[in-house]
Every structure is written in C-alpha cells, then in structure tokens.
There are 2 protein chains.
Amino acid sequence: MTDLSQAVARWQPLLGAPEGPAEDVPSNRVRVVFLGAGAAHLELVAPLDSDSPVAKFLSSRGEGIHHLAFRVPNVDRALNELAERGERVVDRHGRPGARGRRVGFAHPSAFGGVLVEFVEGP
Amino acid sequence: MTDLSQAVARWQPLLGAPEGPAEDVPSNRVRVVFLGAGAAHLELVAPLDSDSPVAKFLSSRGEGIHHLAFRVPNVDRALNELAERGERVVDRHGRPGARGRRVGFAHPSAFGGVLVEFVEGP
C-alpha cells in the first residue's frame, strides 16, 4: 500500500496495534510496520520511492499480498539450497532487512508464483 | 496451483511433510493440503473443477498467494463487525471449511486488496 497509516487503520481492528513504530528498510527501499498475528506477523509495506520494487508491484498489480516470509536458521544456506536445486533466487546472499534481521529473497518461480523471503533467526 | 502433489514437492524442503492427507472442501470447490510453518500453516489449494473460484483466480492471475486466513473466536461476529463498519464481505455467515472449521471470507476491498478468511477456533 502507499499509505501505511491508512493500512494500519484497516488491520488494527483485526490484529491490534502495531508491534512498534514504522521502520525504513533502505536495502529494499520500503517503509514497514509489523502487526502481530498469533505467533506470526503481518508486515505492512510501503515504497520509499518510485524506484522501489514495491512501487513497481503496486503499479502493476495494485495493493495486495506481496510476499511470504519464513524464518530460517541461516539465510545463505536457504538460498544456496534453492540454487543447488536449480531454482532461481533474487539474492545470492543475505542482506540487511527489517528489525535487524538478515534476509534474502527467492525468485517467485521457485515457489509457484509466490515471492518468498527468508528471515534469519533462532 | 492445479497440481497439489507438485506443489507439495515444491514446499516440502522448506516446511516439511504435509500435516495430513489432502482434503476436499466442497463448499469452496477446492482440494487443500496443509503444511506447518511454525505456529502458522501454509494451505496449498487446488480447484476441484473449472467453476471453482480458485480456478478463476488461477486463470486470471496464475499461481500465487490466494488469501490469508486468521483464526477468530467467532466467524459470524468477525463478519458482522466488518459489515457494520461498511466493509464488503463475501460471506454473511460462517460455513463449513477445511478441517471441520467454520470459515467465512471478507471481500478483498475490506483489507486493501487482500482476500481474508476468518477461521473459527479457540
């Protein structure tokens, strides 16, 4: 979405208040805010500028579900395992993501059209 | 996706084996299988026939993320609360979903383009 506060207002009745303030993630050119959903999280994502990959997503598809993120013990290993199976990856190595985590994206072709983000964590 | 076993093969290296056998959900004209993802689940969904809403989704958008499901204490109440805020709902009342749960869908316009399913459970 383009307006994070509007998006928060939409989801807050279902999921409650954001888990923290909005955070800029320069490596992805996005501003994000997290809402808790049980043990999972909903990440609301807005582009920081018109060159952000998320700006391109919004202009081609409109608002909607952008990606799924899964916690993995080691991002580089997760990306490597995909590549070794002949799947495409967006990132060859992990890079800085939101909330101080290392992250890396697979290519949507690797998961049947679903953009998957690996998030390194215990 | 149209081929559930192929989809399972794609996701199994990341999420492990399905939590149970595939299940037909006649009310939605889909066949589904669940994979565990921490305390959450990934539901792989295939249309039972060409009139299934999921068949239409696949033909217009291709494979990808179809909807997000959230557990709520009472599906009817969740649908009513949305409707009372002037939002559109697909279902006015809960109906039988997968794994014996009552479910109901909001309209994507209610959540900024995201199709949301409410799943009744404790």
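Residues numbered from 1 in each chain as written. Chains lettered and ligands numbered in written order. Predicted model: local features only at pLDDT ≥ 70, side-chain atom pairs only at ≥ 80, totals over all residues. Heavy atoms only, no water.

K.L.:
How should I be thinking about the sheet that holds strand S7 (residues 116–120) of chain A in this particular structure?
P.N.:
Remark on secondary structure: sheet strands pair via backbone hydrogen bonds, oriented parallel or antiparallel. Strands sit in the order S4-S7-S6-S5 (chain A) across an open sheet of four strands; the sheet is mixed. Of all the strands in the sheet, just strand S4 (68–72) and strand S5 (95–96) of chain A have a single pairing partner and so form its edges. For S4 of chain A and S7 of chain A, the ladder comprises five bridges, and the chain directions are parallel. What sits directly across from Phe70 of chain A, in S7 of chain A, is Phe118 of chain A. Helix-sheet contacts for helix H1 (residues 4–15) of chain B involve S4 and S7 of chain A, and the interaxial angle to S4 of chain A is about 40°. (Pairing = 2+ DSSP bridges. Helix = DSSP H or I, 4+ residues; strand = E, 2+ residues; numbered from the N terminus. Contact = heavy atoms within 4.5 Å. Axes fitted to C-alpha atoms, helices over the stretch in contact; angles between N-to-C directions.)

K.L.:
Looking at this model, I keep getting lost on the interface of chain A and chain B. Mind explaining?
P.N.:
Reports of interface size often rely on the accessible area that becomes lost once the parts have come together. Taken residue by residue, the interface counts 26 residues in chain A and 26 residues in chain B. A buried area of about 2100 Å², summed over both sides, lies between chain A and chain B, and 75% of it is on carbon and sulfur atoms. On the chain A side of the contact with chain B, Arg10, Trp11 and Ile65 of chain A bury the most area, a combined 29% of that side's loss. One can count two salt bridges joining chain A with chain B. The partner of Glu87 of chain B in a salt bridge is Arg10 of chain A, with the nearest N and O atoms 3.5 Å apart. The tally of links from chain A across to chain B stands at six residue pairs in polar contact (both at pLDDT 80 or more). (Buried area = accessible area lost by both parts, 1.4 Å probe. Salt bridge = Lys/Arg side-chain N within 4 Å of Asp/Glu carboxyl O. Polar contact = N/O pair within 3.5 Å; in protein donor to acceptor, adjacent residues only side chain to side chain.)

K.L.:
Where do I start with the packing of aromatic side chains in this structure?
P.N.:
Two numbers describe a pair of aromatic rings. These are the distance of the centres and the angle of the planes. Under the defined criterion, the tally for this structure stands at four aromatic pairs over all chains. Following the ring pairs from residue to residue traces out a cluster consisting of Trp11 of chain A together with Phe70 and Phe111 of chain B. When the ring centre of Phe34 of chain A is taken as reference, the NZ or CZ atom of Arg99 of chain A above it lies at 3.6 Å. (Phe/Tyr/Trp six-rings, centres within 6.5 Å; stacked < 30°, edge-to-face > 60°. Lys NZ or Arg CZ within 6 Å of the ring centre and 35° of its normal.)

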